[in-house]
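Architecture and fold: a report
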Amino acid sequence: MLQELLGAALAAGAVGVVYAGAAARVVKQYERGVVLRLGRLRGEVRSPGFTMVIPAVDRLRKVNMQIVTMPIPAQEGITRDNVTVRVDAVVYFRVVDASAAVINVEDYRFAVSQMAQTSLRSIIGKSELDDLLSNREKLNEGLELMIDSPAVGWGVQIDRVEIKDVSLPESMKRSMARQAEADRERRARIINADAELQASKKLAEAAKEMSEQPAALQLRLLQTVVAVAAEKNSTLVLPFPVELLRFLEKAQQQPAPSAPPAPPPSPLGLQERLAAAAEPPPDPEPPAPPHPPAPRHEPPGASPDLDR
């Protein structure tokens, strides 16, 4: 009899151990447990730690409460300005209500993925190419709002949505490159013209100052000569200002200063002139006598008669 009782106790203990092993569950810190008893939601969500369920009656479903990073496959669409683009993005979400994520939607991950792809296509069709390239913050907010609206009923909260990349056709890339190059060239010309305008104003002020002080122009010319000669070139280019030529031309056109008028003759000088006029003119000097002819040397033995 004692052996039968001991065997029954061992059997009951074994059954209890098996039951406890089958009923014991462990919920991790980042998870929540949803218990379905005979297909119906039972009680509150099980918190992390050790919990018990009824074997063959209760079914425990664990829901991950961590933030999920889900890439959105690249979607091809046509923008509002008729440009074909290919855009991919990434969505960050997490479950805030474990019961709703289990009861209200079959697979909340798949549902969020499909909603994200549909919303991304809608955003592409409503936006322009410039917005996709430069105004992504606004598009991210709109995309997040579009995904978050239906996800609230699924017990899912969308934390962030980011557009990763925008792929353009090669022809569009070349057109944008030419446009950017033309825009940079336009800005360079504007900056160059502005610099020329400022330089012309400063040069006009300098010319005004030099016109008041002509020596300043000569000093500036000497400075230019020194700057050119410092390069040790074999050829010295000397700029000659046009203002200096005009100055020389004006100097040549001015009349020479006339001699001062002679003072009127004094009375004493007039009397001396009258006395000089009354005197007889001096005798002319006698002409000088002509030079005698040079003696003629004849050879000896010659006769003057024969020569005649």
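Being a predicted model, the structure only gives us computed values, none of them experimental. (Residues numbered from 1 in each chain as written. Predicted model: local features only at pLDDT ≥ 70, side-chain atom pairs only at ≥ 80, totals over all residues. Heavy atoms only, no water.)

1. What to know about the sheet that holds strand S7 (residues 84-95)
- With respect to topology, three strands assemble into an open sheet ordered S6-S7-S8, the strand pairing being antiparallel. Among the strands making up the open sheet, the edge pair consists of strand S6 (68-78) and strand S8 (156-167). If you compare each strand with its neighbour and ignore which way they point, the axes differ by 25 degrees on average.
- Bridging between S6 and S7 involves nine bridges; their strand directions are antiparallel. Within S7, the position partnered with glutamate 76 by the bridge is arginine 86.
- Sitting on the sheet, helix H3 (residues 108-126) is in contact with S6, S7 and S8, with an inclination near 35 degrees to S6. (Pairing = 2+ DSSP bridges. Helix = DSSP H or I, 4+ residues; strand = E, 2+ residues; numbered from the N terminus. Axes fitted to C-alpha atoms, helices over the stretch in contact; angles between N-to-C directions. Contact = heavy atoms within 4.5 Å.)

2. Quick look at a nonpolar patch on the surface
- Side chains of Val26, Phe50 and Met52 sit close together on the surface and give an oily, nonpolar patch of about 310 Å² of accessible area.
- Classification of valine 26 by relative accessible area gives exposed; the value is 52%. (Patch = residues over 30% accessible without salt bridge, like charges linked within 9 Å, V, L, I, M, F, W, Y side chains within 5 Å. Areas by Shrake-Rupley, 256 points an atom, 1.4 Å probe, with all protein chains shown as cover. Salt bridge = Lys/Arg side-chain N within 4 Å of Asp/Glu carboxyl O. Buried < 20%, exposed > 50% of the residue type's maximum accessible area, 1.4 Å probe, protein only.)

3. A short note on the pattern of salt bridges
- According to the stated counting rule, one finds nine salt bridges in the structure shown.
- Residue aspartate 183 pairs with arginine 187 through a salt bridge whose shortest N-O separation is 3.4 Å. One end of the pair, aspartate 183, and the other, arginine 187, are both in helix H6 (residues 170-212), four residues apart, so they sit about a helical turn from each other.
- Classification of arginine 187 as partly exposed rests on a relative accessible area of 43%.
- Several salt bridges share partner residues, and in doing so they unite Asp183, Arg186 and Arg187 into one network.

4. What about unusual backbone geometry?
- Although it is not a glycine, alanine 56 sits at a positive phi angle of roughly 70 degrees.
- Tracing the backbone shows alanine 56 in the loop between strand S4 (49-52) and strand S5 (58-64).
- Phi is positive for asparagine 82, which is not a glycine, with a value near 60 degrees.
- Take asparagine 82: it is sitting in the loop between S6 and S7.
- Note on asparagine 82: relative accessible area 66%, which makes it exposed.

5. Some words on the nonpolar core
- Within the largest apolar cluster, 37 residues are counted, with the highest numbers of intra-cluster contacts made by Val63, Val85, Val87, Phe93, Tyr108, Val156 and Ile158.
- Broken down by secondary-structure element, the contributors of at least two residues to this core are S6, S7, helix H2 (98-103), H3, helix H4 (129-134), helix H5 (136-151) and S8.
- In terms of residue count, the dominant contributor to this core is H3 (seven residues).
- In this structure phenylalanine 93 touches Gln66, Ile67, Val68, Met70, Tyr108, Arg109, Val112, Val156, Gln157, Ile158 and Asp159, once residues within four positions along its chain are discounted. (Core = buried A, V, L, I, M, F, W, Y, C linked by side-chain atoms within 4.5 Å.)

Functional significance is not addressed by these values, which are geometric in nature.
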